Amino acid sequence: MTIQPTGGADSAPLYAPSSEIAENAHADAARYEELYQKSVSDPEGFWAEEGKRLDWIKPFTKVKNTSFDYDNVSIKWFEDGTLNVAANCIDRHLATRGDQTAIIFEPDNPDEAAQHITYKQLHKEVQVFANVLKDMGVDKGDRVVIYLPMIPAAAYAMLACARIGAIHSIVFAGFSPDALADRVNGCDAKVVICSDYAPRGGRNTPLKSNCDKALLRCSDKVKLLVVERTGAQIDWVEGRDYKYEDMAAGVAPDCAPTEVNAEDPLFILYTSGSTGKPKGVVHCSGGYLAYAAMTHQYVFDYQDGDIYWCTADVGWVTGHSYIVYGPLANGATTVMFEGVPTYPDAGRFWAVCEKHKVTQFYTAPTAIRALMGKGPEWVEKYDLSSLRILGSVGEPINPEAWNWYNENVGKGSCPIVDTWWQTETGGILIAPLPGATPTKPGSATKPFFGVQPVILDDKGNELSGATEGVLAIKDSWPGQMRTVWGDHDRFVSTYFEMFKGYYFSGDGCRRDADGYYWITGRVDDVINVSGHRMGTAEVESALVAHETVSEAAVVGYPHDIKGQGIYCYVTLMDGVEATDELRAQLQAWVRQEIGPIAKPDVIQWAPGLPKTRSGKIMRRILRKIAENETDSLGDTSTLADPSVVDDLIANRANA
Ligand code: WT7
């Protein structure tokens with residue numbers, strides 16, 4: 001059945017779910033309304049019921065104990081319950097679905113065989129991995145850094161940590177040795193897990209040698225566990241490095257799950273903010289898992305027998321919640337893809353969908369836009385009739401990309417769930433439910449159960465009706481982050497200081513007359529590059545760390561594929577010549593300091609930066625110049641030297 005657009009309140013097209021989808025989904029429109037009302041009028045009762053979707057060792061008697069009070073921010077869910085996250089993702093499924101595939105592994109190279117790992121096999125692998133970690137001295141509460149490609153061992157390592165109550169911190173395999181070292185030191189990790197190499201898009205990243213470089217900056221107590229991926233030559237540090245396959249051969253096959261409290265940390269994940277170094281977002285065991293499982297089930301309408309594929313990497317929160325924890329807690333079959341959308345060609349996503357008969361496909365707008373540019377013929381080559389639901393995450397999806405996704409991939413009959421959330425939120429907060437919510441291209445639509453979004457003006461007043469302002473959340477939900485690792489004050493000041501009594505998201509947002517939410521982008525100095533968050537301050541500090549750079553200011557600008565590109569204004573040290581060669585050197589330098597995703601798209605030489613008389617850089621002006629909107633610069637009269645702006649406009653790089 002084809003979905004027909006009809007008009008919404010603000011005349012944006014509205015795509016209602018087909019009756020076929022609505023009838024078979026976990027929730028139709030009436031059910032969504034009923035459950036949503038219950039979830040906000042009686043959160044205790046609602047979440048007491050939902051908490052039961054997990055297997056508890058000691059059942060909780062307390063449900064919600066949360067305060068957004070600036071003087072006493074504290075978030076606890078199911079606080080007296082105990083459980084084990086890995087047992088919830090594996091052991092409890094063994095009786096009913098031991099022989100069902102838990103993970104389908106699709107390697108980077110399409111000629112390499114895919115692997116189907118059953119729940120029984122997953123159980124075996126995770127217990128062995130857990131015993132290897134124990135053998136290396138990892139105890140409950142210890143931190144383990146995981147720096148792996150998208151291979152099954154990444155999931156084994158995560159679940160092995162969870163099984164023994166250790167806290168993992170995954171570092172995206174595209175990050176540099178320096179970024180890795182910062183994260184190892186930031187959480188005082190005992191063990192780092194890497195592979196020899198990471199094959200991706202036909203190239204090979206030398207993860208082991210990156211670790212060798214990183215560990216030079218870390219305590220010599222840190223041990224390195226190396227999993228074989230390609231078998232290619234690597235260096236070896238005797239006494240520090242451990243070969244996984246050798247260790248695994250020497251440990252017992254069984255490992256009983258460790259009992260942890262609902263509020264014990266499950267993982268740390270570093271994410272960029274508007275100031276300073278990335279912060280370690282802490283997620284805990286009980287509430288996070290219940291929320292990831294519930295959102296996965298409802299938002300993707302996951303049903304028994306479905307083959308669910310999220311194309312993210314486990315290095316990002318999307319991979320944590322919607323490749324590993326949510327799907328496995330639900331006993332799902334989840335696809336892990338090692339590669340990229342365009343290797344060996346622009347048909348790879350669709351070839352994999354056809355090959356594994358994927359039913360839910362969840363990706364990022366940047367991937368859609370990149371593939372859109374290659375033409376519809378790449379999609380048409382494959383049979384996509386297994387697809388039922390399409391998902392989008394990471395940034396607002398522009399209506400052109402939405403329409404292309406809908407028409408070419410979904411053939412007009414798959415609801416598109418545009419899911420708004422953040423590393424901090426643990427799971428999806430605003431998204432349509434496939435059988436319940438008519439969609440509008442570009443809108444994340446309506447809140448999930450238990451989520452109360454509000455739109456605030458800049459003084460913190462709640463705005464009602466159709467309006468625009470900043471997006472905040474009024475009350476806690478179980479998947480919410482609990483603290484910043486080692487810095488609770490930073491947690492409070494980042495999210496609860498500016499707008500007292502609310503969780504502040506950092507995003508701007510519009511609400512239309514139908515009560516639909518439209519995310520308009522970050523309102524802080526964070527930019528969104530290919531769906532990945534990047535603090536402009538981080539790029540600036542990498543630039544000024546270069547010997548030729550005296551000052552730098554970084555802003556985002558609209559980029560056709562990436563959503564936002566990285567635009568840098570650089571002031572050089574006296575006497576340094578501004579050459580194209582130096583420009584390329586600085587781009588390579590930032591790439592090496594942070595990682596490929598941070599590579600500047602544009603570097604403009606700036607003899608001076610627009611500053612107020614008190615020395616504050618006026619980024620508003622720099623943004624306008626980067627966006628090429630120089631006729632709407634606004635007031636420049638408060639600048640110490642307004643002529644700086646004329647020079648920047650005259651020499652604007654052709655971005
Ligand atoms: C920021 C969070 C959530 C996992 C991936 C990114 C932007 C995310 C959407 C969406 C509009 C979105 C927001 C948010 N964002 N999803 N569906 N529509 N914007 O996680 O790196 O923590 O970034 O990504 O700006 O604040 P993250």
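Residues numbered from 1 in each chain as written. Predicted model: local features only at pLDDT ≥ 70, side-chain atom pairs only at ≥ 80, totals over all residues.

Some words on the UniProt feature "binding site: Mg(2+)" (unreviewed entry) in the protein chain
- UniProt feature "binding site: Mg(2+)" (unreviewed entry): in the numbering of this structure it lies at Val-544, His-546 and Val-549.
- Looking at the element boundaries, His-546 is found in the loop between helix H18 (536–544) and strand E31 (549–559).
- Residue classification places His-546 among the partly exposed positions, given that 18 C-beta atoms sit within 10 Å.
- With sequence-adjacent residues up to four places away left out, His-546 is seen in contact with Leu-586 and Trp-589.
- Within the fold, Val-549 resides in strand E31.
- Overall, the presence of 20 C-beta atoms within 10 Å leaves Val-549 in the buried class.
- If sequence neighbours within four positions are ignored, Val-549 has contacts with Leu-543, Val-544, Val-570, Leu-572 and Met-573. (UniProt positions renumbered as here; feature names shortened; annotations may be inferred. Helix = DSSP H or I, 4+ residues; strand = E, 2+ residues; numbered from the N terminus. Buried ≥ 20, exposed ≤ 12 C-beta atoms within 10 Å, placed from the backbone. Contact = placed C-beta atoms within 7 Å.)

A short note on the site of the ligand
- If you check the shell around the ligand, you find 22 residues, and the closest are Pro-396, Gln-422, Thr-423, Ile-519 and Arg-533.
- Contributions of two or more residues to the shell around the ligand are made by helix H12 (317–329), strand E22 (416–419), strand E27 (503–511), strand E28 (517–522) and strand E30 (532–535).
- When residues in the shell around the ligand are grouped by element, the largest group, three residues, is from E27.
- Counted by class, the shell around the ligand contains seven nonpolar, 10 polar and five charged residues. (Near = placed C-beta within 6 Å. Nonpolar A, V, L, I, M, F, W, Y, C, P; charged D, E, K, R; others polar.)

Digging into unusual backbone geometry
- Note the cis peptide between Tyr-343 and Pro-344, where omega equals -5°.
- Its place among the elements puts Pro-344 in the loop between strand E19 (333–337) and helix H13 (348–356).
- In this structure, Lys-357 takes a positive phi of about 55° despite not being glycine.
- Even without being a glycine, Asn-628 presents a positive backbone phi close to 60°.
- Asn-628 sits in the partly exposed class, given 13 other C-beta atoms within 10 Å.

A look at the environment of Arg-522
- Along the chain, the position of Arg-522 falls in strand E28.
- A sequence separation of 299 residues divides Arg-522 from Lys-223, and the C-alpha atoms of the two residues are 39 Å apart.

Details of the nonpolar core
- Of all hydrophobic cores here, the largest spans 213 residues; its most connected members are Leu-133, Tyr-147, Leu-148, Ala-157 and Ile-193.
- Counting residues per element, this core draws most heavily on helix H7 (residues 152–164), at 11 residues.
- If you count residues domain by domain, this core takes at least three from each of domain 1 (19–510) and domain 2 (530–651).
- Leu-148 has contacts with Ala-153, Ala-154, Ala-157, Ala-173, Ile-193, Cys-194, Ser-195 and Val-227, leaving out every residue within four places of it along the chain. (Core = buried A, V, L, I, M, F, W, Y, C linked by C-beta atoms within 7 Å. Domains from an automatic or database assignment.)

Side note on the UniProt feature "domain: AMP-binding enzyme C-terminal" (unreviewed entry) in the protein chain
- Per the UniProt record, "domain: AMP-binding enzyme C-terminal" (unreviewed entry) is found at residues 538–616.
- The annotated region residues 538–616 carries 27% helix and 32% strand content, and the separation between its end C-alpha atoms amounts to 17 Å.

Remarks on the packing of helix H14 (residues 365–372) against helix H16 (residues 399–409)
- Packing of H14 against H16 brings their axes to within 10 Å, and their N-to-C directions diverge by 75°. One finds that H14 runs roughly perpendicular with respect to H16. Taking contact as the criterion, the partners of Pro-365, Ile-368, Arg-369 and Met-372 in H14 are, on H16, Ala-401, Trp-404 and Tyr-405.
- A breakdown of the residues in the contact of H14 with H16 according to their chemical character gives six nonpolar, no polar and one charged. (Axes fitted to C-alpha atoms, helices over the stretch in contact; angles between N-to-C directions. Parallel < 35°, antiparallel > 145°, perpendicular 65-115°, else oblique.)

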